[in-house]
Amino acid sequence: TEIPASKPVLSERDRLIAALKVNEGFRGSTYLDTSGVPTIGYGTTRQSPGAVEYINSIGMSPDNIWGPKAVGTVTELQGLDMMNKALDHNAGLLKSGYPGYPQFSENQRLALQDMMYQMGPKGLGKFTNMNKAINVQDPSKVDWTSVASHAADSKWAKTQTPNRAKRVISLFNQ
């Protein structure tokens, strides 16, 4: 008998990157995102953590990437580099914004990381009821069904990116 090949176990970061590649998609040249913001790579904007510094470090002009007459392009590898810079930055923000973060399941952390990557700290901060539901005194007592319900009751889930929101919200209950 043949032994079935086992699937490699992916790290949390690898799972997050795989999900973001699906959720963001890659575009090597500048486009306007669903909010009309100039974006490149895997959803990277001028406001993405480390993006401007990265573009400068590879000898490109941020104005050629995100300016009104954007003509610059990036490779998938450069897009991934910018994604990782943002993810590194966001990890610290999530740990400070959600004291129970390390105790959450991997899927719950992935959902929050995806949301932070998509909308940044200001956008995630607007989920007042969801954040209150997460930041209860005892992290083991978070009602993740309530968290998912609050996330679903948003413009993000209802009209902005409903398909992505559905995928991300489903992670809260896993």
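Let us look at the structure shown here. The shown structure was predicted, so the numbers you read here are calculated from the model rather than taken from an experiment.

The rules behind the values
- Residues numbered from 1 in each chain as written.
- Predicted model: local features only at pLDDT ≥ 70, side-chain atom pairs only at ≥ 80, totals over all residues.
- Heavy atoms only, no water.
- Helix = DSSP H or I, 4+ residues; strand = E, 2+ residues; numbered from the N terminus.
- Salt bridge = Lys/Arg side-chain N within 4 Å of Asp/Glu carboxyl O.
- Buried < 20%, exposed > 50% of the residue type's maximum accessible area, 1.4 Å probe, protein only.
- Expected span 1.5 Å × (residues − 1).
- Bend = angle between axes of the 7 residues up to and from the residue.
- Core = buried A, V, L, I, M, F, W, Y, C linked by side-chain atoms within 4.5 Å.
- Contact = heavy atoms within 4.5 Å.
- Polar contact = N/O pair within 3.5 Å; in protein donor to acceptor, adjacent residues only side chain to side chain.
- 1 Å grid on protein atoms, 1.4 Å probe; cavity = no way out; pocket = protein on both sides within 12 Å on 5 of 7 lines; lining within 4 Å.
- Points joined across faces, edges and corners; volume = space filled by probe spheres on them.
- Nonpolar A, V, L, I, M, F, W, Y, C, P; charged D, E, K, R; others polar.

## Here's the deal with the environment of Gln137
At step 1: Within the element layout of this structure, Gln137 appears in the loop between helix 6 (128-134) and helix 7 (144-152).
At step 2: On a C-alpha basis, the gap between Gln137 and Arg27 in space is 42 Å, while along the polypeptide they are 110 residues apart.

## Details of the pattern of salt bridges
At step 1: Applying the stated rule across the entire model yields eight salt bridges.
At step 2: Here Glu106 ties to Arg15 by a salt bridge, and the two come within 2.7 Å at their closest N and O atoms. Residue Glu106 is found in helix 5 (residues 106-125), and its partner Arg15 is found in helix 1 (residues 12-24); the two are separated by 91 residues along the sequence.
At step 3: A salt bridge links Asp63 to Arg46; the nearest nitrogen and oxygen atoms lie 2.7 Å apart. Highlighted residues: Asp63 in helix 3 (residues 62-66) and Arg46 in the loop between strand 2 (38-41) and helix 2 (51-57), separated in sequence by 17 residues.
At step 4: According to the relative accessible area criterion, Asp63 is partly exposed, its value standing at 48%.
At step 5: Of the residues examined, Arg46 reaches a relative accessible area of 32% and is grouped as partly exposed.

## Points about helix 5
At step 1: If you check helix 5, its first and last C-alpha atoms are just 21 Å apart, much less than what 20 residues at 1.5 Å a residue would give, namely 28 Å.
At step 2: Of all the bends in helix 5, the greatest reaches close to 110° and is centred on Met119; the proline Pro121 follows between one and four positions later.
At step 3: By the criterion of burial, helix 5 is predominantly enclosed, with 14 of the 20 residues buried.

## Remarks on the nonpolar core
At step 1: Formed by 34 residues in total, the largest nonpolar core has its most connected members in Tyr98, Leu112, Met130, Trp156 and Phe172.
At step 2: Broken down by secondary-structure element, the contributors of at least two residues to this core are helix 1, helix 4 (76-97), helix 5, helix 6, helix 7, helix 8 (155-160) and helix 9 (162-170).
At step 3: Looking at this core element by element, the count peaks at seven residues for helix 5.
At step 4: Once residues within four sequence positions are removed from consideration, Tyr98 is found in contact with Phe104, Leu112, Leu124, Met130, Asn131, Ile134 and Asn135.
At step 5: Counting residues in hydrophobic clusters, the runner-up holds eight residues, among them Ile55, Ile65, Trp66 and Val74.

## Notes on the environment of Ser11
At step 1: Position of Ser11 relative to the elements: it lies in the segment before helix 1.
At step 2: Taking the C-alpha atoms as reference points, Ser11 and Glu53, 42 residues apart in sequence, are found 27 Å from one another.
At step 3: At 3.0 Å, the side chain of Ser11 forms a polar contact with the backbone nitrogen of Asp14.

## Section: the layout of surface pockets
At step 1: In this structure, the largest pocket spans a volume of roughly 1,200 Å³.
At step 2: Along its surface, the largest pocket is lined by 41 residues, and Asp33, Ser35, Gln118, Met119 and Gly120 are the ones closest to its centre.
At step 3: No other element matches helix 5, which puts eight residues into the lining of the largest pocket.
At step 4: Of the residues contributing to the lining of the largest pocket, the split by class is 13 nonpolar, 20 polar and eight charged.

## Some remarks on the environment of Gln113
At step 1: Turning to its location among the elements, Gln113 is positioned in helix 5.
At step 2: Residues Gln113 and Ala152 lie 39 residues apart in sequence; the distance between their C-alpha atoms is 16 Å.
At step 3: In contact with Gln113, other than residues within four places in its own chain, are Glu12, Leu16, Leu94 and Tyr101.

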